[in-house]
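Chains, contacts and geometry: an overview
These are the residues of each chain, in order.
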Amino acid sequence: RHLSLHDALPISQVELPADPSALHKVDFCAAHRYQGAGFLEITALPRLAEEASAIESGDGFNWRVETYFVDSPGSEPRQTLKLGIKGRIHLVCQSCLQDCALDLAEERQFVMVSTEAEADAYPIEDDQQEPLVASQHFDLLGLIEDEILLSLPLIPKHPEGTCQPHASSFGGGG
């Protein structure tokens, strides 16, 4: 007999590799539950490296990914991706113009959809999770980097009172 989509597919658990180059192509169309974690050096994230004012030992980001399927009535189960990021980057403090170490921690949740059209039609009110278009060559590394970039402050600064403002930030002679 033919298997229909409604037959429960065995969903296997797959461990994501920690190697950054392997994260460029992850098959999110397969019936897998993924989980994995690793540490990314700033240099493994070229767009982030451009933002960094300095790279010191210990700089970089721990990432954690977990996907699971959620039953949605009347349609295929939806794949949900949870992403956790925690780490440190050095940016230029906009007050004293010196390097400033920033600790960031983010938790994000996404829902996998099949097409761009489905992503566009996804209800915006659902701010708990954003839609991502699943593919067989999904760039998970790119997603991690995007989320780190989005979490950077627009105006990085040392904590209040811990640095001396640079003369030029008052418009005085530099």
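The rules behind each value
- Residues numbered from 1 in each chain as written.
- Predicted model: local features only at pLDDT ≥ 70, side-chain atom pairs only at ≥ 80, totals over all residues.
- Heavy atoms only, no water.
- Helix = DSSP H or I, 4+ residues; strand = E, 2+ residues; numbered from the N terminus.
- Contact = heavy atoms within 4.5 Å.
- Areas by Shrake-Rupley, 256 points an atom, 1.4 Å probe, with all protein chains shown as cover.
- Core = buried A, V, L, I, M, F, W, Y, C linked by side-chain atoms within 4.5 Å.
- Buried < 20%, exposed > 50% of the residue type's maximum accessible area, 1.4 Å probe, protein only.
- Expected span 1.5 Å × (residues − 1).
- Polar contact = N/O pair within 3.5 Å; in protein donor to acceptor, adjacent residues only side chain to side chain.
- Pairing = 2+ DSSP bridges.
- Phe/Tyr/Trp six-rings, centres within 6.5 Å; stacked < 30°, edge-to-face > 60°.
- pLDDT = per-residue confidence, 0-100.
- Salt bridge = Lys/Arg side-chain N within 4 Å of Asp/Glu carboxyl O.

With that settled, consider the overall build of the protein chain. Counting its secondary structure elements, the protein chain contains 3 helices and 6 strands. Seen in sequence order, the protein chain has helices and strands lined up from the N terminus as β-β-α-β-β-β-α-β-α. Once local pairs closer than 6 in sequence are excluded, the contacts in the protein chain between residues at least 24 apart make up 58%. Here the protein chain displays about 10700 Å² of accessible surface, and carbon together with sulfur accounts for 52% of that area.

Grouped together as the largest cluster of nonpolar side chains are 35 residues, with contacts concentrated most on F28, L81, I89 and L140. For this core, the secondary-structure elements that each account for two or more residues are β2 (32–40), β3 (60–70), β4 (78–92), β5 (99–113) and α3 (140–151). When residues no more than four places from it in sequence are discounted, the contact partners of I89 are I42, L48, A52, D59, F61, C100, A101, L102, L104 and L152.

One full turn of an α-helix is made of 3.6 residues, so residues set three or four places apart face in the same direction. In a regular helix each residue adds 1.5 Å, so 12 residues correspond to 16 Å; α3 covers 17 Å between its end C-alpha atoms and thus fits that length. Burial within α3 is extensive, with 9 of its 12 residues counted as buried. Residues of α3 that are buried include every one of L140, L141, G142, L143, I144, E145, E147, I148 and S151, and no others. Looking at the buried side of α3, the elements it contacts are β2, α1 (46–51), β3, β4, β5 and β6 (130–133). Among the residues of α3, the N-terminal cap falls to D139, whose side-chain oxygen and the backbone nitrogen of L141 are separated by 3.3 Å.

Now for the pairing of β3. Bridge count between β2 and β3: 6 bridges; the pairing is antiparallel. The residue of β3 that forms the bridge with G38 is W63.

The next subject is the packing of aromatic side chains. Tallying each qualifying case throughout the model produces 2 aromatic pairs. On the basis of an interplanar angle of 80° and a centroid distance of 5.3 Å, the ring pair of F28 and Y34 is categorised as edge-to-face. The buried category is assigned to F28, whose relative accessible area is 3%. Classification of Y34 by relative accessible area gives buried; the value is 5%. Judged by centre distance (5.1 Å) and plane angle (75°), the rings of F28 and F138 are edge-to-face. Of this pair, F28 sits in the loop between β1 (12–15) and β2 while F138 sits in the loop between β6 and α3; the two residues are 110 residues apart in sequence, bridging distant segments of the chain. Clustering of aromatic rings is evident, with ring pairs tying together F28, Y34 and F138.

A word on the confidence of the model for the protein chain. For the protein chain, per-residue confidence averages 87 on the pLDDT scale, and residues scoring 70 or more make up 89% of the total. Counting interchain partners and residues more than four positions distant, the pLDDT-below-50 stretch residues 1–7 has 4 contacts.

Evaluated as defined, the whole model comprises 7 salt bridges. Measuring nitrogen to oxygen at the nearest pair gives 3.3 Å for the salt bridge that ties R47 to E145. With R47 in helix α1 and E145 in helix α3, this pair connects stretches of sequence that are 98 residues apart. Here E118 ties to R78 by a salt bridge, and the two come within 3.5 Å at their closest N and O atoms. In this pair, E118 is assigned in helix α2 (residues 116–121) and R78 in strand β4, connecting sequence segments 40 residues apart. If you follow the salt bridges from partner to partner, you end up with R47, E145 and D146 in one network.

Let us now look at the environment of A44. With respect to the helices, strands and loops of the structure, A44 is situated in the loop between β2 and α1. As for A44 and D19, which are separated by 25 residues in sequence, their C-alpha atoms are 9.9 Å apart. Here A44 is in contact with P20 and L141, once residues within four sequence places are set aside.

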